[in-house]
Every structure is written in C-alpha cells, then in structure tokens.
Amino acid sequence: MEMPVSFDYAPAPESRAVVSIKPKYGHFIAGKFVAGSKHFPTINPATEEVLSQIALAGKAEVDAAVKAARKAYTTTWSKMSGKERGKYLFRIARIMQERAREFAVLETLDNGKPIRESRDVDVPLAAAHFFYHAGWADKLEFAGLGTSTKPHGVAGQIIPWNFPLLMLAWKVAPALAAGNTVVLKPAESTSLTALLFAEVCQQAELPAGVVNIVTGDGSTGALIVNHPGIDKIAFTGSTEVGKIIARAVASTHKSVTLELGGKAANIIFEDAAIDEAVEGIVNGIFFNQGHVCCAGSRLILQESVADEVLEKLKARMAKIRVGDPMDKNTDVGAINSKEQLTKIIELSASGEAEGAQRWSAPCDLPNKGFWFAPTIFTGVTQAHRIAREEIFGPVLSVLTFRTPQEAIDKANNTPFGLSAGVWSEKGSRILWATQQLRAGVIWANTFNKFDPTSPFGGYKESGWGREGGRHGLSAYLKGVGHE
Ligand code: NDP
C-alpha cells in the first residue's frame, strides 16, 4: 500500500526546563530583592497560564529605589572611572550571552513572541547594546559631544511590552556607560526578563543601587515620572502616555527622551525586485506580531505592480506559521494581551466598516490564548482609521500611487514619523525618496534592521530624541541631549 506523503512540519518545541520561574517576585532595590506588598498575575499570552505574581510598586517602593539610585550615584558610580564602569558593562553583556537561552525562553513565555525571534533577535541585540556601550564608557570625551561631559544623575526609565529585554538594554546600557544610575519599570504584562536581568546585575557584582527595578502598572510609571529625585526620564510606549509625560516634566529640571508610536510607510516602486520586496513587506509588518513601533504598517504600492505584489504577498502569507511561540518553526506567535487583541479587533472592524477589503491568511488559531491571523486590507484610503492610527498588530493597510511624488505625499500624510521603507533598483530614486520622507529611520531594500551603533527615533508624534549610537549616548549626558 502506498503511504500518503506529508510535508507538514513536525513539532519542534523548545524546552522550558532551562528557566525556573518563582511563584512570586518582589522589587530589585539597592542590589537586593525586596518583597512587594500588592501583587498582580503575569500570564503566558499563548496559553493564558498564570506564570507568576508580580509586585505593584507604590510610593514607598519608588522612593526607596530613587534613594538607592541617588546614593549609588553620589558615593560610587559618579566617582568611578569610565574604564571601570566599562568593565561592568562588558561583564553584564557576557553573562547575558551565557544565559541567552534562559532569557529567550522566559521572554517567549511571558511575551508570546516566537522563540526564533527572542533567541535570534531580542537577546543577541540586547547583549550587543551592552557590548557597544561598554566600549563608550571610557571614551566619552572622544564621542564628539564635548570634552567635559557630565551624566544627569538618576535616570527614570519606563519601557513597553513589545521588546521587554531589548528595550531594557536600549535604556540601561547607555545610562550606565554615561555614568548615570537607574530606576527602571518594565511593562506590567512583561516583567520577568527584567527581573532575570536584576539577577545578572547581582552576578556581575554591579555596585548596589546602580540599577534598581520596580515593577508595577501605569501608576508606578507616573510615580517615577513625577519623582523630584529623578533627573532624566526615558520612555518608550504609546504617544498618548508620551504626551502625559511631556506635560509632567515640562516645568521641571528633568531631561526627557520619548520613543513613541509610528505608522510607517513601506513604499514599493515598480522597478523594485518584487520577490525581495514581498519578503520585506512580510518582515516589516508580521515580525513580532506587528507589535513594533517602526512596523511597516502602511504598504504604499505603485499601481502598475500592485496586482502582482498582492498576489505574491497573499501566497507568501498563506505559508506563515502562526501558533505555539515555543515551537522553533513558528513565525508569528500570540498577541501580548487581551487588551491589545481587543484593540486590533476593533480597528480591523473599523477598516471593514469604512469600506476597505479584508483578507486574512488561512490558519488554524489555537483555542486558548490571544491570537490574530496575519491580515491585509486593500482599498484603503488616507482617511480610514486603519491608515492613520497605530494598530500595533499583524494588520497591513495597502494604499496605491501612480507618481513618485504621490507616494511621498501619502507616506508623509501621518501625525507620526518614526520609520519608512523604500524599494527600488535605482539608487537615485532611493536617495530622492529618502530625502523627501519625514521619518527618523529609513530602510532601503530591507526593513526592520537594528544595530546598537545606529541612532533610532522619530519626528512629530513619534517622539523626542534618539536612542542608540552617539546620538543616543548624548541623551544621557548633560547639556548635549534633548533637554
Ligand atoms: P503604554 O504607553 O501605556 O505603556 C508603556 C509603558 O508606560 C508601560 O510600562 C506602562 O505601564 C507605562 N505607563 C502607562 N501609563 C503611564 C503613565 N501615566 N505614566 C508613566 N508611565 C505609564 O502602552 P500600552 O501598553 O497601554 O499600549 C497601548 C498602545 O500603545 C498600543 O496599542 C500601541 O499602539 C502603543 N505602544 C507603542 C509602543 C512603541 O514602542 N511605540 C510600545 C507599546 C505600546 P504598564 O504597562 O505597566 O501599565
């Protein structure tokens, strides 16, 4: 008898044995874990399993963390040479590499992103940020930022849930390299890798109080923002909260950087290499479930190639593997929270109600957890909500153009200006387009490429200041950053 041939992938689950999750966590203050008073659960969004109980910091805990950071700043960190600070950063980077698998598994369990991404993108890039900034610690006077630069003092840092460990690295590494101490708050749905990072600080024998981590919700974030003992605020998250923070620090001595939302245009000219562009479109919007501030969420297609691109894009999307984030073959994992899923569903419904055509990749979604199939909308106009608002999910809005100028006008018709992509075989067209686009980061014939040496940040409602590279370093030094 002839056996039917199956080309299905066999399951390839990563083991979770490498991590040990405690039933309950406290805060990391002055080099020690201290018990919290109130707690809330953190769940695995792929299964809805409660992973642990996370402490909710109130005024007393935030005060203690700021006090510890101030003490460490005045007694130790500001007195230490850059060369010595650099050694700690190198040590942290190496320990993160040694414990990379543990970080990747924990990130995937708590966040829902595929293990392939946490293992190959988030964790290596987080370590790379510490390596890169370790190199700057003893060379600050050669960074072109002045010869007698000074740190701000205590930095308050508030990060989101889409790249929990990576956003921590983007914030902590330059702060420490420049000589600041830190009070950091992770997002309430993704605190576990920050708490594992606290263990790394202990393992690296980082002086007590240089890094303090308080967990909690928006109220904890607000306590940090409004604390008089904080000298600099660094925030990544929604434009809405970014505006609240900007107002709160406006009349204070605090320096601030804000990394906010985006609605990036990914422009495909008719002379682009179409197969490569299709890969770039998929990477641009479906990487990390589309929970990416710089995601290429508006596809701007030249009309002459629109049918061809859309046909190839749908064929490619039908092959995206959605499901168990712990499976090494998975491309798209779970939506990070029920709230985020509700927002994606609501905005997608508005797309249909306003007249756009919806197409979702055929896939079997798990029964438990929070899921959304990779989706595109065609027939989108610039007035539609799905063309204007950040969906922050695996949903692509497709618009078309006839002339290059029309592409630029559509791309720039947004309150945001974080990133953009341009696809063309012509160098002159790429240079022309990138000069017209009002976006902080522009990729040509690629998308979503990140490197610690490269500054990242936006125009307009996408934020203030830059992170990464020399520009990002300047934000942690007095007088040279965005004050
Ligand atoms: P938020 O901006 O609310 O969260 C970002 C961080 O700020 C979290 O740590 C949050 O705490 C904290 N926070 C919330 N309120 C305050 C406050 N008043 N003062 C200080 N800190 C505060 O984003 P959400 O998680 O609510 O996501 C909402 C939308 O924001 C998403 O749908 C997406 O569109 C966008 N977003 C954009 C991101 C980006 O990288 N540009 C990242 C995340 C979200 P906690 O989460 O613990 O409540």
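Residues numbered from 1 in each chain as written. Predicted model: local features only at pLDDT ≥ 70, side-chain atom pairs only at ≥ 80, totals over all residues. Heavy atoms only, no water.

S.K.: Before we move on, can you summarise empty space enclosed by the protein with the specific residues and values?
M.R.: Over the atoms rolls a probe the size of a water molecule, and its path tells where empty space is left. Evaluation of the coordinates by the stated rule reveals 3 cavities of 30 Å³ or more. Quantified by volume, the largest cavity comes out at close to 90 Å³. Lining the largest cavity we find 16 residues, and of these Arg298, Ala411, Ser419, Arg438 and Ala439 sit closest to its centre. Broken down by secondary-structure element, the contributors of at least two residues to the lining of the largest cavity are α13 (404–412) and β15 (419–423). When its residues are assigned to classes, the lining of the largest cavity shows 8 nonpolar, 5 polar and 3 charged. (1 Å grid on protein atoms, 1.4 Å probe; cavity = no way out; pocket = protein on both sides within 12 Å on 5 of 7 lines; lining within 4 Å. Points joined across faces, edges and corners; volume = space filled by probe spheres on them. Helix = DSSP H or I, 4+ residues; strand = E, 2+ residues; numbered from the N terminus. Nonpolar A, V, L, I, M, F, W, Y, C, P; charged D, E, K, R; others polar.)

S.K.: Kindly report on the confidence of the model for the protein, identifying the contributing residues and their values.
M.R.: Summing up the model confidence of the protein, the mean pLDDT is 96 and the portion of residues at 70 or higher is 99%. Taking the mean pLDDT of every element in the protein, the minimum, 92, falls on strand β17 (residues 463–464) and the maximum, 99, on strand β7 (residues 211–213). (pLDDT = per-residue confidence, 0-100.)

S.K.: Can you tell me about the nonpolar core, naming the residues and giving the values?
M.R.: If you look at the biggest cluster of nonpolar residues, it comprises 111 residues, and the most contacted ones within it are Met96, Phe130, Phe197 and Leu313. In terms of residues, this core owes the most to one element, helix α5 (residues 164–177), which gives 11 residues. Excluding residues within four positions of it along the chain, Phe130 makes contact with Leu89, Ile92, Ala93, Met96, Ala169, Val172, Ala173 and Phe197. With 22 residues, the next largest nonpolar core counts Val214, Ile230, Ala246 and Leu260 among its residues. (Core = buried A, V, L, I, M, F, W, Y, C linked by side-chain atoms within 4.5 Å. Buried < 20%, exposed > 50% of the residue type's maximum accessible area, 1.4 Å probe, protein only. Contact = heavy atoms within 4.5 Å.)

S.K.: Can you break down the site of the ligand residue by residue, with the values?
M.R.: Neighbouring the ligand are 26 residues, the closest being Trp161, Glu188, Ser238, Leu260 and Lys343. Within the side chain of Lys185, one N or O atom sits 2.8 Å away from an oxygen atom of the ligand. The contact in question runs from an oxygen atom of the ligand to an N or O atom on the backbone of Gly218, over 3.0 Å. Expressed as a share of its isolated accessible area of 860 Å², the protein-covered part of the ligand is 85%. Those elements that place two or more of their residues in the shell around the ligand are α7 (218–225), β8 (232–236) and α11 (338–353). With 3 residues, the single largest contributor to the shell around the ligand is α7. (Near = heavy atom within 4 Å. Polar contact = N/O pair within 3.5 Å; in protein donor to acceptor, adjacent residues only side chain to side chain. Areas by Shrake-Rupley, 256 points an atom, 1.4 Å probe, with all protein chains shown as cover.)

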